[in-house]
Amino acid sequence: MHKEKDVAIVGSGLVGSLLAIFLRNQGHKVTVFDRRPDVRKVQFSGRSINLAMSNRGWKALREAGVEDEIRDLALPLDKRAMHVEGQPVYFQKYGEDGEAIYSISRGVLNRKMIDLAEAAGAEFRFEEKIWDVDMKEARLYTGESEKSVWKEYKFDLIFGADGAFSRVRHKMQRQSRFNYSQHFIDVGYKELTILANEDGSHKLDNSSFHIWPRGNFMLIAMPNLDGTFTCTLFMPFEGDISFESLKTEQQADAFFETYFPDIKDEISNLKKDFFKNPTSAMVTIKCFPWSYFDKITLVGDSAHAIVPFYGQGMNAGFEDISVLNEKIDKYGDDWEQIFEEYQTERKPNADAIAELSYRNFIEMSSKTANPLFLLRKKIEKKFAQNHPDLWIPLYSRVTFSDKAYSEALKIGDYQREIMDEVMKIPHIEETWESKEVEQKIIDLINN
């Protein structure tokens, strides 16, 4: 048993709620602050990208004792459905039989996680905005506005789980030698919806992650339990084909009819959502250190916001909490050691998944429609099936494993160099299934 601590968590999102459950399981008093209203009582704002739960996320939920409750909210997706222009839909299996990512509505999951944290004994204080943090004394100051009278709270520990634009991190940034960077990509996103059939069934295959790759932009769709699909349109903010260029209903009609003809029956609803829902930006944030002595630490997007193209933002945040819990088990009441080892272990992995996520946008939007890229993936998959001891594809290392992201990035770069050599083989399109190609890969690995 640990000495009970009075803990504050700033942010009631997915990572903050999971942390609350873990800390309550460890016997600590937990208060969660959020400047927003209780998400269980409001409609979501149309800014959600459906979540893709994979091995890392499930591992953390299992350790928290809540996996079964969350599985009831999820739909397994074992393949991609590729909607390439001018071709029939084709499917790409994610991994081996039984390997799948799980589609979950962000809103549905967030509400459930708060319910579970409350049931574990955490107290939630919604619509209470943090204006200042006294890091040395672990004090929070809340109020109606920056100039109003503030209320002071004293805690033993404070965790910043308040997202990419964290108030807790903002205070930490004023320290000497605190490194911080943020990078916005020039692509934004907008949430759209494909409605269910009248009988409540799905209009597209509901065990697939649907992708419409269109070069500089793309549409994705993930199924929900109620028969709908949450779609996300990723597109440049400015340019010939961009959010800026689609200003009228006629322009939106022409855009959807031209680039997404296989879902033309959905255009009226897609168009309605297009003009109703906000266009959101995507940012990569890196910083260090994440901790302040034995008082404060950052978790999830507060420490390492990433773009969503590997489906690992939530999984990486949940893995933070899993690792943090391991350190608590290891070091007991030595919170400075807990925080130091947590940040030292997680920082290289956060940087690695940030890099992988950015690269995957290029792959999903442009390369998935390229015949040579698809051939490359076929060669990799066939070799991995024949030699599982020699080759685990990068996607599987990231998604269906809990090995370090930094290791996956390093091995993925090594495999990419090998495949670059393989694709230089003359007439590879005709010989890709041959023993010679298989032996070439083995020789490159051995060398």
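Computed from a prediction, not measured in an experiment: that's the story for all the values here. (Residues numbered from 1 in each chain as written. Predicted model: local features only at pLDDT ≥ 70, side-chain atom pairs only at ≥ 80, totals over all residues. Heavy atoms only, no water.)

Thoughts on the overall build of the protein
Here's step 1: Scanning the protein for helices and strands turns up 15 helices and 20 strands.
Here's step 2: Computed over its C-alpha atoms, the radius of gyration of the protein comes to 23 Å, within 12% of the 22 Å expected for a compact globule of 447 residues.
Here's step 3: The principal-axis extent of the C-alpha atoms belonging to the protein is close to 70 × 60 × 40 Å.
Here's step 4: The contacts of the protein with a sequence gap of at least 6 include a subset with a gap of at least 24, amounting to 70%.
Here's step 5: As presented, the protein carries roughly 20400 Å² of accessible surface, and 47% of it is formed by carbon and sulfur atoms.
Here's step 6: Computed over 59 positive and 72 negative side-chain charges, the inter-centroid distance for the protein is 3 Å. (Helix = DSSP H or I, 4+ residues; strand = E, 2+ residues; numbered from the N terminus. Rg over C-alpha atoms; globule rule 2.2 N^0.38 Å. Contact = heavy atoms within 4.5 Å. Areas by Shrake-Rupley, 256 points an atom, 1.4 Å probe, with all protein chains shown as cover. Lys, Arg positive; Asp, Glu negative; His and termini not counted. Charge placed at Lys NZ, Arg CZ, Asp CG, Glu CD.)

As for the domain arrangement of the protein
Here's step 1: Along its sequence, the protein is organised into domain 1 (6–75 + 104–182 + 283–360), domain 2 (184–281) and domain 3 (370–446).
Here's step 2: The C-alpha centroid of domain 2 is placed 30 Å from the C-alpha centroid of domain 1.
Here's step 3: Tallying the contact residues gives 20 residues for domain 1 and 17 residues for domain 2.
Here's step 4: Surface buried jointly by domain 1 and domain 2 totals about 1600 Å² across both partners, of which 66% is contributed by carbon and sulfur atoms.
Here's step 5: The tally of links from domain 1 across to domain 2 stands at 0 salt bridges. (Domains from an automatic or database assignment. Buried area = accessible area lost by both parts, 1.4 Å probe. Salt bridge = Lys/Arg side-chain N within 4 Å of Asp/Glu carboxyl O.)

Concerning the sheet that holds strand 10 (residues 139–143)
Here's step 1: Within the open sheet, the 3 strands sit side by side as 9-10-11. Their pairing is antiparallel. In this open sheet, the two edge strands, each paired with only one partner strand, are strand 9 (129–134) and strand 11 (151–154). Across the sheet, the axes of successive neighbouring strands diverge by a mean angle of 25°, strand direction being ignored.
Here's step 2: Bridge count between strand 9 and strand 10: 5 bridges; the pairing is antiparallel. The residue of strand 10 that forms the bridge with Ile130 is Thr142. (Pairing = 2+ DSSP bridges. Axes fitted to C-alpha atoms, helices over the stretch in contact; angles between N-to-C directions.)

Quick notes on unusual backbone geometry
Here's step 1: With an omega dihedral of 0°, the bond running from Phe288 to Pro289 counts as a cis peptide bond.
Here's step 2: The topology assignment puts Pro289 in the loop between strand 18 (283–288) and strand 19 (291–292).
Here's step 3: Phi at Arg177 is positive, roughly 65°, even though this residue is not glycine.
Here's step 4: When its relative accessible area of 77% is taken as the criterion, Arg177 is described as exposed.
Here's step 5: One non-glycine residue, His427, lies in positive phi territory at about 55°.
Here's step 6: When you line up the elements, His427 lands in the loop between helix 13 (405–422) and helix 14 (428–431). (Buried < 20%, exposed > 50% of the residue type's maximum accessible area, 1.4 Å probe, protein only.)

Description of the UniProt feature "transmembrane region" (unreviewed entry) in the protein
Here's step 1: Here the UniProt-annotated "transmembrane region" (unreviewed entry) positions come out as residues 7–23.
Here's step 2: End C-alpha atoms of residues 7–23 are separated by 8 Å, and the span's content is 59% helix alongside 24% strand. (UniProt positions renumbered as here; feature names shortened; annotations may be inferred.)

Some details on the nonpolar core
Here's step 1: Ranked by size, the top nonpolar core spans 69 residues in total, and within it Met53, Ile70, Leu109, Phe159 and Phe318 carry the most contacts.
Here's step 2: The leading source of residues in this core is helix 1 (residues 14–25), at 8 residues.
Here's step 3: In contact with Phe159, other than residues within four places in its own chain, are Val7, Ala8, Ile9, Val10, Leu19, Leu23, Thr297, Leu324, Trp335 and Phe339.
Here's step 4: Counting residues in hydrophobic clusters, the runner-up holds 37 residues, among them Tyr90, Phe209, Ala354 and Val398. (Core = buried A, V, L, I, M, F, W, Y, C linked by side-chain atoms within 4.5 Å.)

Thoughts on the pattern of salt bridges
Here's step 1: Within the structure shown, the criterion is met by 34 salt bridges.
Here's step 2: Among the salt bridges present, the one from Asp78 reaches Lys79, with a minimum N-O distance of 3.2 Å.
Here's step 3: Several salt bridges converge on common partners, so that one network encompasses Asp78, Lys79, Lys93, Asp97 and Asp205.

What to know about the packing of helix 1 against helix 4 (residues 106–119)
Here's step 1: Where helix 1 contacts helix 4, the axes come no closer than 9 Å and their chain directions differ by 25°. As the angle between them shows, helix 1 and helix 4 are arranged roughly parallel. As for how helix 1 packs across helix 4, the hand of that crossing is left-handed. Across from Leu14, Ser17, Leu18, Ala20 and Ile21 in helix 1, the residues of helix 4 making contact are Arg106, Leu109, Asn110, Met113, Ile114, Leu116 and Ala117.
Here's step 2: Here the contact of helix 1 with helix 4 is composed, by residue class, of 9 nonpolar, 2 polar and 1 charged. (Parallel < 35°, antiparallel > 145°, perpendicular 65-115°, else oblique. Left-handed = near helix turned anticlockwise from the far one by under 90°. Nonpolar A, V, L, I, M, F, W, Y, C, P; charged D, E, K, R; others polar.)

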